[in-house]
Amino acid sequence: MVYQTTISLNSPLIHWNSELLIRRDLRSLHSERCGRLRLCAAVVIFFVLIYSSYYLGTSTDPQMIVHIPPDDNISGYPVPTGYLVYGPGCQMPNLDPLAPDVMKLFHREKEQECSTKSPLTRIDMIGSRNASLVVDKDLLHKYDIYDTPHCCYREIRRSTKEEHADSAIVLSNCTHFQYSTILPDNSEFIYVNCSSKGGKEKYRNVHYIMREKHDVLERFERFKVKFEKKRPLSVLMMGIDSISRLNLIRAMPNTAQHIYNSGWFELKGYNKIDDNTYPNLMAILTGFNSSLSYSICDPVHVAKLDSCPMVWYSFRASGYVTGYAEDEAEISTFNFNKKGFLKPPTDYYLRPLMLAAEKHLPIKYKSSLKFCLGYQHSADYIYNYALDFAELYKDRAFFGLFWANTFSHNDISDPSSMDHKIKYYLNELDSRGILNTSAVILFSDHGLRFGPVRKLLTGWLEERLPFMFVWLPKWFQDENPEIVQTLRINRNRLTNPYDIHVTLHHVLALTALPEEEHITSAILPQATSCPSCQSVFDEVPWNRSCTDSAIEAHWCTCIPYKTTSRSSPIVKEAVKFIITFMKGEIDDYMNSTKATHKMCSDLHLKRIAIARKAEYRDIPNPHDDYLLVFETNPGGGEFESTVSYFLTDKTFQMTGSVSRLNSYASQSGCMPKSYLKKFCFCLKT
C-alpha cells in the first residue's frame, strides 16, 4: 500500500493557515516603508512572539508549559518536526496542545477537597494480617460528639444472587464498639457509622482492609522455587479515562513534567482501536476486538465474563496475586449495560466497597459524575487501593489494573483539578519502593469523545490518541538493555492496545523457566484480533500502517485527509449509506428480539458539516476513504463516520463504528442495547 509521505500546508489536521497568515503579515511588515522604525520593529517582534507561542507550543502561563525531552532517533529513521510517527505506512501529526482554538474551550480548575473534616475512623494494621478499626478521639469534637461515641460497623459483601452478584451488596449485622475494635480475619470491606449519646448519627464512612490472604500465600508457596530461580517482574496498570496525550500535557502539566523528568518510556504513537473504554481495555486484557469479545465473553449475560481469557488469569496461573478496581460503578467498564462478574475476577476486587460508598456516603457531583464520595475523591479510593496493594506485595509478584473515570470522563478541563493529586500518587510509587520492583503502565483508553473540543480538528486527533507511559525498574533495565533500547525506538512508532496485550504476556515469558514449554520468550501468545501485533519490548516496524495493526480507517490517525466538497454527489451518497447502515443496525436488533412495536424514529439528514477524503491508488483495490461529520433529524444528532468508496465496483463499505459527537442520554432511554443508544431517538409513546 502506498501512502502519501507529506502533509500539505493546507491540511485540515494541522493549523497551518495561522502560520501562513503570520508569515504573510511578517513579509508585509518587512516590505512596508515605515517612518517609525521602532514601532515597526515592535510590531514585528510581536508577530514573531505570537508565531513562536503558537507553533512551538509555548504559553504565557508558565504552569502550562511542559518541556518534553527531544526524540533521539536512535533507530536511524528520523521523525521530522511536526510528527509523532513518520514512515511510509503512517504519518501521525504532532499538534500543539495549547492551540488557540482548543484553549478557548479549556480553563484551569482549582483543586477541590471533598470535606473540610478528616475522617473520624481509620484502619490500623497489626502486621500483615490483623487489623483494627480505630476512632480518632482528637476529632470527636469536630463531629459534635462530646461524650463516649456509639459506633457500629457492618461488613460489606457481594450479593449472593447471581443476577446481582456484581451490582448489589449486602451488609452484615451491626457490631457495636466505642473507640476501637479488632476486625474479623476475613473482613475485607466495612461500613461504619457513629452517633452521639442521643442517638443522632454524626458520621459514616467506608474502609477497605488491605492484608494478606491465605490462598494468595499458598500460591506464593507453590511458586516459591520458581521465583527464587528467576525474579518476577510485577505489573501495576494505572489508568485514567478519556485523556488524550495532548490533554495530559495541557490539563495536567505538573504530572506530565514529572513523568518526562523521571525516566518513563513513552509510546507517542499509541492509537486506540475502537470507540469507548470497553473495546480498548478488552484489546489489552484479551487481545479481542469488540465483536469477538461480545461473541466469546458475552458481557450482557451472567457469568460469561468469568470464562473470558483475561490476562490477569494468566498472571494468576503463573503465581501472581491479582487486583482490579474502578470508580463510578454505574458506568464502569464491565458493568455499564453489562452483567459484570459472577465471581470476583481478581484476588483483590474493590467493587463492593465502591457500590457501598456510592449508596451510603454523601456525594459531590462534577460534570454529572460522582467526583467525591464522603471524605475522598472517588479516584482516591482507586489509587490508594492500588498503592496499598502494590506495597503489600512489592517483594512478591503481582498484577493489578486500577482505573479512574470520575475526574476526566466528561469535560476537557476537569483533569486539571487533579493534576497535583496524580503527581502525588506517582511520587508515592517511588517513596513506597514500588518503582524498585515493578513495571508501571500509566495510560488512557482514548481522548474526550464528545463536546465542543471534539468537534475541532484537534479534537478528532486527540480522541484517537490516548497517552501511554511505561516505567521499568533499574534492575530490570540492567538485565535487559536491549528492551531499553527498543522502547526508545518504539517511542515514535505506531502502537496500539493489542501490542500491550502481547507485551503483558512477554512479561510472563521473561519470568518463565526453560522447562515451562507453554511459556517461552521466543513464541508469545498473539493478540487474536491482530495476529501481526507484537510486544513493545520488540522493535515495531518503522513502516507499520493501521492496516498492519488492525486499526480500522475510522480510528486511524496516520491518514492525511484533505478537505473535499460537502455537496459532492459521492459525499451525499456516502452519508446516505451511513444513515441506512445506522437504521439497519436498529432494525436487525428489533428483528432479533422480535419486538412488537417500533422504538426509534427514522433519522433523516439535516446537513453535512465536514467532508474529508484520503486517496489510496497504487494498491490492488484502489479506494477513497471519506471522513464525514453530519447532523440528523429528529433530535439533532451529530455523527462522524468513515466509509471507503471502492473505485472499481463503485461500492461503499463502513470502517469502524459511527461516532456520536453530542449527548444523547435524554433521547435514547427506550433502547436497551448500549451500542445502539447513540443512533436512537425514541418515539413518543
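The structure this text deals with has already been given above.
Keep in mind it's a predicted model, so treat the numbers as computed, not measured.

## A few points about helix H13 (residues 419-431)
The end-to-end C-alpha distance of H13, which contains 13 residues, comes to 19 Å, matching closely the 18 Å that a straight helix rising 1.5 Å per residue would cover. Taken residue by residue, H13 has Asp419, Lys421, Ile422, Tyr425, Leu426, Glu428 and Leu429 as its buried positions. Buried residues along H13 sit in contact with strand E11 (234-240), helix H6 (245-251), helix H7 (253-261), strand E18 (376-377), helix H12 (378-392) and strand E20 (438-443). Backbone geometry just downstream of H13 places Gly433 in the positive-phi region, at approximately 85°.

## Focus on the packing of H7 against H13
Remark: H7 packs on H13, axes separated minimally by 7 Å, with the N-to-C direction vectors making an angle of 30°. Relative to H13, the element H7 is oriented roughly parallel. Contact residues: H7 offers Pro253, Asn254, Thr255, His258 and Ile259, while H13 offers Asp419, His420, Ile422, Lys423, Leu426 and Asn427.

## A word on the sheet that holds strand E25 (residues 623-633)
One key point about sheets: their strands pair by backbone hydrogen bonds, in either a parallel or an antiparallel sense. Overall, antiparallel pairing links the five strands, which are arranged E23-E24-E25-E26-E27 in an open sheet. Of all strands in the sheet, those with a lone pairing partner are strand E23 (562-563) and strand E27 (651-660), marking the two edges. With seven bridges connecting them, strand E26 (residues 637-646) and E27 associate as antiparallel partners. Paired with Ser644 across the two strands is Gln653, which belongs to E27.

## Side note on the nonpolar core
Considering soluble globular proteins, one finds that nonpolar side chains tend to be buried as a cluster. Residues Val206, Leu236, Leu350, Tyr383, Tyr385, Phe407 and Leu429 are the most contacted members of the largest nonpolar core, which totals 70 residues. The element best represented in this core is H12, accounting for nine residues. When near neighbours in sequence (up to four residues on either side) are disregarded, Leu236 contacts Ala386, Ala390, Phe398, Gly400, Phe402, Leu429, Ile434, Ala439, Val440 and Ile441. Listed in part, the 47 residues of the second largest apolar core include Cys297, Trp312, Leu487 and Leu508.

## A few points about the pattern of salt bridges
Applying the stated criterion across every chain, the model contains 40 salt bridges. Note that Glu463 is salt-bridged to Lys272, the shortest N-O span being 3.5 Å. In this pair, Glu463 sits in helix H14 (residues 457-464) while Lys272 sits in the loop between strand E13 (269-270) and helix H8 (277-285), placing the two residues 191 residues apart along the sequence. With relative accessibility at 1%, the residue Glu463 sits in the buried group. For the salt bridge of Lys370 with Glu328, the shortest nitrogen-to-oxygen distance reads 2.9 Å. Placement of the pair is Lys370 in strand E17 (residues 369-373) and Glu328 in the loop between strand E14 (321-326) and strand E15 (348-349), with a sequence separation of 42 residues.

## Concerning the sheet that holds strand E4 (residues 130-135)
An order of E3-E4-E8 is seen for the three strands of this open sheet, with the pairing classed as antiparallel. Each end of this open sheet is capped by a strand with a single partner; those strands are strand E3 (121-126) and strand E8 (180-182). The sheet shows a mean angle of 20° between the axes of neighbouring strands, taken without regard to direction. Here E3 pairs with E4 via six bridges, running antiparallel.

## A few points about the packing of aromatic side chains
Scanning the entire structure with this criterion turns up 42 aromatic pairs. Ring centres 5.8 Å apart and planes at 65° place the aromatic pair Tyr348 and Tyr393 in the edge-to-face group. Pair noted here: Tyr348 is in strand E15 and Tyr393 is in the loop between H12 and strand E19 (398-404), with a separation of 45 residues, a long-range link. Accessibility classification places Tyr348 together with Tyr393 in one group, the buried group. Taken together, a centroid distance of 4.9 Å and an interplanar angle of 45° make the contact between Tyr645 and Phe652 tilted. Residues Tyr645 and Phe652 agree in their burial class; the two are buried. A network of ring pairs unites the aromatic residues Tyr208, Phe220, Tyr348, Tyr385, Phe389, Tyr393, Phe398 and Phe402 as a single cluster.

## Considering the side chain of Asn193
Its place among the elements puts Asn193 in strand E9 (residues 189-195). With relative accessibility at 18%, the residue Asn193 sits in the buried group. At 3.0 Å, the side chain of Asn193 forms a polar contact with the side chain of Glu201. Asn193 has contacts with His150, Cys151, Cys152, Glu201, Tyr203 and Arg204, leaving out every residue within four places of it along the chain.

Here is what the cut-offs are and how they apply
Residues numbered from 1 in each chain as written. Predicted model: local features only at pLDDT ≥ 70, side-chain atom pairs only at ≥ 80, totals over all residues. Heavy atoms only, no water. Helix = DSSP H or I, 4+ residues; strand = E, 2+ residues; numbered from the N terminus. Expected span 1.5 Å × (residues − 1). Buried < 20%, exposed > 50% of the residue type's maximum accessible area, 1.4 Å probe, protein only. Contact = heavy atoms within 4.5 Å. Axes fitted to C-alpha atoms, helices over the stretch in contact; angles between N-to-C directions. Parallel < 35°, antiparallel > 145°, perpendicular 65-115°, else oblique. Pairing = 2+ DSSP bridges. Core = buried A, V, L, I, M, F, W, Y, C linked by side-chain atoms within 4.5 Å. Salt bridge = Lys/Arg side-chain N within 4 Å of Asp/Glu carboxyl O. Phe/Tyr/Trp six-rings, centres within 6.5 Å; stacked < 30°, edge-to-face > 60°. Polar contact = N/O pair within 3.5 Å; in protein donor to acceptor, adjacent residues only side chain to side chain.

None of this, on its own, says anything about what the molecule does.
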